[in-house]
Amino acid sequence: MPRILDSHQHFWRIGGPGQVWPDANWPRIHRDFLPHDLRVATQGLDMAGTILVQSQPDDRDTDWMIDLAADDPLVLAVVGWVALEAADAPARIAQLAAQPKFVGLRPMLQGVEDSDWILRDDLSPAIGAMIEQGLRFDALIQPRHLPVIARFAERWPDLPIVIDHGAKPFAADLILDPWRTEMAALARYSNIWCKLSGLRTEQAQGQASDALAPYVRHILSCFGDRVMWGSDWPVLLHMGDSYGDWIDDALRLAGDLDAVACARLFEGAARAFYGLGEVA
């Protein structure tokens, strides 16, 4: 079992500040998930740490996460949310970037009906502020956004971008194209990385994880050492999987990885992308 730096996990408190999801339609995860729960879920694993990623489009949730992570040694970094279109976004971004563990923003593009939203000119001050503050951009996208993210990466070549959850391919229906060709095109941009996370919840209930093999191997083939493993815990509990199940699945589906490639996937890539230092 490799040493784990989880590039993507969540905390929430039902009814907490800004919390709107999950709701009762997600019964397996419709409860509080806090640091103690993560420690229980990862017991027995060699954990280097985690990246805590926002789950609510609300400043109050971001502030709550920062406070929660401040004294927790397991959480190495926080990725939050900002209303990028707001006039005060650059000031808010500077305020967040001053927090010791704050490393990036995730604007939840999957929930925006306009696929081209991130290319709007009025977002430029906020994106510029992200670059100025040395922050990273987590792209929570769907396949419809892949050509858009290519244009976004061209416009902002100094912004480190990571594709969350492999861009959520249509795995339930075993559809590979045009996701496959568009992901390969994105991988040509050196500032774009990819998370090997969240793929199980794109499958249908009861669908075998082995059906993800072509998606996992394509991501690894395209992005190479720019792929980082993430649990997407506790969302993966929606499929009935444990934290360790996705580690086992990823190792199996990735094929034969040597020790160097395995360490890069499960720890080194996340360290490099989020600026957390070299593997000890």
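Everything here concerns the structure above.
Residues numbered from 1 in each chain as written. Predicted model: local features only at pLDDT ≥ 70, side-chain atom pairs only at ≥ 80, totals over all residues. Heavy atoms only, no water.

Colleague: Tell me about the nonpolar core, residues and numbers included.
Modeller: The biggest cluster of nonpolar side chains holds 80 residues, and the ones touching the most others in it are Leu84, Ile118, Phe137, Ile163 and Phe223. Counting residues per element, this core draws most heavily on helix 7 (residues 213-223), which supplies 7 residues. Beyond its immediate sequence surroundings of up to four residues, Phe137 is in contact with Leu105, Pro107, Leu109, Ile118, Ile127, Met130, Phe152, Leu159, Pro160, Ile161, Val162 and Phe273. Of all hydrophobic cores here, the second largest spans 14 residues; its members include Leu5, Ile51, Val162 and Trp193. (Core = buried A, V, L, I, M, F, W, Y, C linked by side-chain atoms within 4.5 Å. Buried < 20%, exposed > 50% of the residue type's maximum accessible area, 1.4 Å probe, protein only. Helix = DSSP H or I, 4+ residues; strand = E, 2+ residues; numbered from the N terminus. Contact = heavy atoms within 4.5 Å.)

Colleague: I'd like a rundown of the pattern of salt bridges, residues and numbers included.
Modeller: Should the charged atoms of two oppositely charged side chains come close, the side chains can pair. Tallying each qualifying case throughout the model produces 17 salt bridges. Between Asp46 and Arg3 there is a salt bridge whose closest N-O contact spans 3.9 Å. On the criterion of sequence distance, the pair formed by Asp46 in the loop between helix 1 (35-41) and strand 2 (47-53) and Arg3 in the segment before strand 1 (4-9) is long-range, its members being 43 residues apart. The class of Arg3 is partly exposed, set by a relative accessible area of 33%. With a closest N to O distance of 2.7 Å, Asp210 and Arg252 form a salt bridge. Here Asp210, found in the loop between strand 7 (192-196) and helix 7, pairs with Arg252, found in helix 8 (residues 243-253); they are 42 residues apart in sequence, far enough to count as distant. A residue is classified by how much of its surface remains accessible, and Arg252, at 41% relative accessible area, is partly exposed. Among the charged side chains, a salt-bridge network with shared partners connects Arg3, Asp46, Glu267 and Arg271. (Salt bridge = Lys/Arg side-chain N within 4 Å of Asp/Glu carboxyl O.)

Colleague: Please give an account of helix 7 that cites residues and values.
Modeller: With 8 of 11 residues buried, helix 7 lies mostly within the body of the structure. Turning to helix 7, its buried residues are Ala213, Tyr215, Val216, His218, Ile219, Leu220, Cys222 and Phe223. Tucked into the core, helix 7 has its buried residues touching helix 6 (179-186), strand 7, strand 8 (227-229), helix 8 and helix 9 (259-274).

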